[in-house]
Amino acid sequence: MKKMFLLISFLTCILSTLFSDISIDITLPTLNEELYNFGSLESEEFESSVIEIEDEINEILNKPLISKAISNAIALTSQIPTTNQILRNRDYSFSFGTSATAYTYTFDIDRIEDDITDFNQEDDINLGGGVHVIELNLTFPINKILNETNAFLSIAASHLIKDEYYFDNYFIQSGIGKQFYSIVNENGLVSWTPVFGQCNFSYNYNKAGALIDIDQISIDMEVDPDGSGILPAQQFTIQTDPEVDVGVKSEIVTAAFSFSSSLCLFKSAHLYIGSGLVFNWGKSYAYIDAYEELEIVESVQDYLSDSGSVSISGQAGKDNPILVLPFVYGGLQFQFSSIFLNIPLLYSSDHGLGAGLYLGVSF
């Protein structure tokens, strides 16, 4: 039995290299009331084994760099929907699209691939990502309240399942933007919006993971149900087919402000650039959950009132994003009558790089 659970935990730790603070609960097979409790024969041995497993996993599977990188990437992704607000200052608009950000220690793709290939249980790496699979954006002017000012709302939600993998994302953001100076040469073929300022607040929830089936594990054992009594020792097999749920969960709240400027060419192509700061609060942590009943094979089943079970659960330490992340952004928007296509890029000097693609209509 001890070897079985050591093996389960070892396989689990290999398949979930992000996790620590693991709790392992074992319910031992229990004999009928008139016979001895099998658990009492092995409880001390199992208790020491579980402590050993938990200490080992907690020591080698704490990954604060990965969790923090994911938090930072999510925070930066929240700023991509706001990049073209300077162009929507006087419009009602609706757009949909997608955006993503990578937060990484290097932009050398070959190096990242090599490090991922060589990654093992003891390693930690400053690499994470954030994504809005489907995103909706709304803008509307509020000139009656503040002159040359608009408000915007962004929402993203997705629930994706493919085979054993799953991804959940919920995001909501709101803010306002204001044009501080009049547009230069507004009706000409080339016009310039000197300064546009904005602030926004967002809430981000992400959960990504996988259900992993571990191959059946079986251990042959022997138990004497009545101790030194007349009943002979019984041979039996304990089997289990654990399914492990592993993943990373994040909840990030941001507050940001930025300033931008834009150039319009021939009333159809807009080039904009800007910079800002995003303040971040929240956490990202890895989790693991598994539960499976033990299956007792052979005739000893007749002596059991409960075949027992094994469960593994826990999470890594909650890692916060960097409190303040600077970023710069730019993009190109094409306007075809009331339809527009926006392609923004975002960069953080703290090694974040993001992009988006949006299609919308303004009126």
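Keep in mind it's a predicted model, so treat the numbers as computed, not measured.

Re the pattern of salt bridges
Close approach of charged atoms allows side chains with opposite charge to pair. The tally for this structure, following the rule as stated, stands at 2 salt bridges. Between R111 and D115 there is a salt bridge whose closest N-O contact spans 3.9 Å. Here R111 and its partner D115 are both found in helix 4 (residues 109–117), 4 residues apart, which amounts to about one turn of the helix. You can call R111 partly exposed: its relative accessible area is 43%. Among the salt bridges present, the one from K283 reaches E251, with a minimum N-O distance of 3.6 Å. A residue pair is termed long-range when its members are at least 10 positions apart, and K283 in strand 11 (residues 269–293) and E251 in strand 10 (residues 243–265) qualify at 32 residues. For K283, a relative accessible area of 22% puts it in the partly exposed group.

Some details on the environment of Y347
Within the secondary structure, Y347 sits in strand 16 (residues 339–348). Taking the C-alpha atoms as reference points, Y347 and F327, 20 residues apart in sequence, are found 5.6 Å from one another. The contact partners of Y347, leaving out residues within four places of it in the chain, are F107, P326, F327, V328, G352 and L353.

Quick word on a negative patch on the surface
On the surface, a cluster of negative charge is contributed by D108, D110, E113, D114 and D118. Examined against the element boundaries, D118 turns out to sit in the loop between helix 4 and strand 4 (127–141). Overall, D118 belongs to the exposed group, its relative accessible area being 54%.

Digging into the side chain of S95
Looking at the secondary structure, you find S95 in strand 3 (residues 93–104). With residues near it in sequence (within four places) discarded, S95 still touches E135, L136, N137, F340, L359 and G360.

Remarks on the confidence of the model for the protein
With 69% of its residues at a pLDDT of at least 70, the protein reaches an overall mean of 79. This stretch, residues 1–20, has a pLDDT under 50; its non-local contacts, to residues over four places away or in other chains, come to 71 contacts. Note that residues 39–46 has pLDDT below 50 and, in this model, 10 contacts with residues that lie over four places away or in other chains.

Scoring rules and cut-offs
- Within each chain, residues carry numbers counting from 1 in the order of the written sequence.
- Totals for whole chains, interfaces and linings use all residues, but because this is a predicted model, local features are given only for residues with pLDDT of at least 70 and pairs of side-chain atoms are given and counted only at 80 or more.
- Hydrogens and waters are ignored; side-chain quantities use all the structure's heavy atoms.
- By definition here, a salt bridge exists when the distance from a side-chain nitrogen of Lys or Arg to a carboxyl oxygen of Asp or Glu is within 4 Å.
- Helix and strand assignments come from DSSP, with helices taken as H or I runs of at least 4 residues and strands as E runs of at least 2, each series counted from the N terminus.
- Only protein chains enter the accessibility calculation, which uses a 1.4 Å probe; a residue is then buried when its area is under 20% of its type maximum, exposed when over 50%, and partly exposed in between.
- Throughout, a residue-residue contact means that at least one pair of heavy atoms, one from each residue, lies within 4.5 Å.
- Patches here are clusters of residues that have more than 30% relative accessible area and form no salt bridge, with a 9 Å joining cutoff for like charges and a 5 Å cutoff for nonpolar side chains (Val, Leu, Ile, Met, Phe, Trp, Tyr).
- Exposure was quantified through the Shrake-Rupley algorithm and a 1.4 Å probe, taking into account, for residues, occlusion by the shown protein chains and nothing else.
- Here the positive residues are Lys and Arg and the negative ones are Asp and Glu; neither His nor the chain ends is included.
- Where a charge lies is defined by one atom per residue type: Lys uses NZ, Arg uses CZ, Asp uses CG and Glu uses CD.
- Values of pLDDT, which run from 0 to 100, indicate the predictor's confidence residue by residue.

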